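Coordinates in review
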Amino acid sequence: MSAYVLNLHNPGGAIDIEQQHAARLQSLEGSTLAMLGNGAWEDQTILPAVRAALQARVKNLNVIGFEEWPRGHENIDNDATIDMLVKRGVHGVVTGNAA
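Examining the pairing of strand S1 (residues 32-37)
Burial analysis of S1 places six of its six residues in the buried class, the great majority of the element. By the alternation rule, side chains of S1 split into Thr 32, Ala 34 and Leu 36 and Leu 33, Met 35 and Gly 37, which are all buried. Looking at chain direction, S1 and strand S2 (residues 62-64) are connected through three bridges and run parallel. Paired with Ala 34 across the two strands is Ile 64, which belongs to S2. The β-α-β motif built from S1, the intervening helix H1 (residues 43-57) and the parallel element S2 has right-handed crossover chirality. Both S1 and strand S3 (residues 92-96) contribute to a ladder of five bridges, which runs parallel. Bridge assignment links Ala 34 to a residue of S3, and that residue is Val 93.

This is the structure in structure tokens:
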């Protein structure tokens, strides 16, 4: 008999969901998106490229650049930032990078 005890856990088990994600937009057309950057991983390079690609593909898309919002990972889900997003009529957010 072994002196070791192994406890096995089923990784496919249930997880309690404590916070739901926002509902997906049906279409980006006519929407307003905000780009929020955490100030890391070259977000100042990537977010403008994502913005340009989205605007080239989606009609009537308004994208508010990362320069107009507080930067840093501590500001992305901050209540003050969320209030600003709501006040500006933002429908969705693109975060970057690794935020």
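We are not done yet, so read on.
Things to note about the sheet that holds S1
Read from one edge to the other, the open sheet built from three strands follows the order S2-S1-S3, with strand pairing classed as parallel. Each end of this open sheet is capped by a strand with a single partner; those strands are S2 and S3. Taken pair by pair, the neighbouring strands of this sheet meet at an average axis angle of 25°, ignoring direction. Against the sheet, H1 makes contact with S1, S2 and S3, and its axis sits at roughly 165° relative to S1, the strand it touches most.

Notes on unusual backbone geometry
Look at Glu 42: it is not a glycine, yet its phi comes out positive at around 60°. Residue class for Glu 42 comes out partly exposed when judged on its relative accessible area of 47%. Its identity is not glycine, yet Asn 60 carries a phi of approximately 55°, on the positive side. One can find Asn 60 in the loop between H1 and S2. Judged by relative accessible area, which is 62%, Asn 60 ranks as exposed.

So, the environment of Gln 44
For Gln 44, the position within the fold is in helix H1. When the C-alpha atoms of Gln 44 and Gly 65 are compared, they prove to be 9.9 Å apart, with 21 residues separating the residues in sequence.

The rules behind these values
Residues numbered from 1 in each chain as written. Predicted model: local features only at pLDDT ≥ 70, side-chain atom pairs only at ≥ 80, totals over all residues. Heavy atoms only, no water. Buried < 20%, exposed > 50% of the residue type's maximum accessible area, 1.4 Å probe, protein only. Helix = DSSP H or I, 4+ residues; strand = E, 2+ residues; numbered from the N terminus. Pairing = 2+ DSSP bridges. Right-handed = clockwise from strand over helix to strand, strands pointing away. Axes fitted to C-alpha atoms, helices over the stretch in contact; angles between N-to-C directions. Contact = heavy atoms within 4.5 Å.

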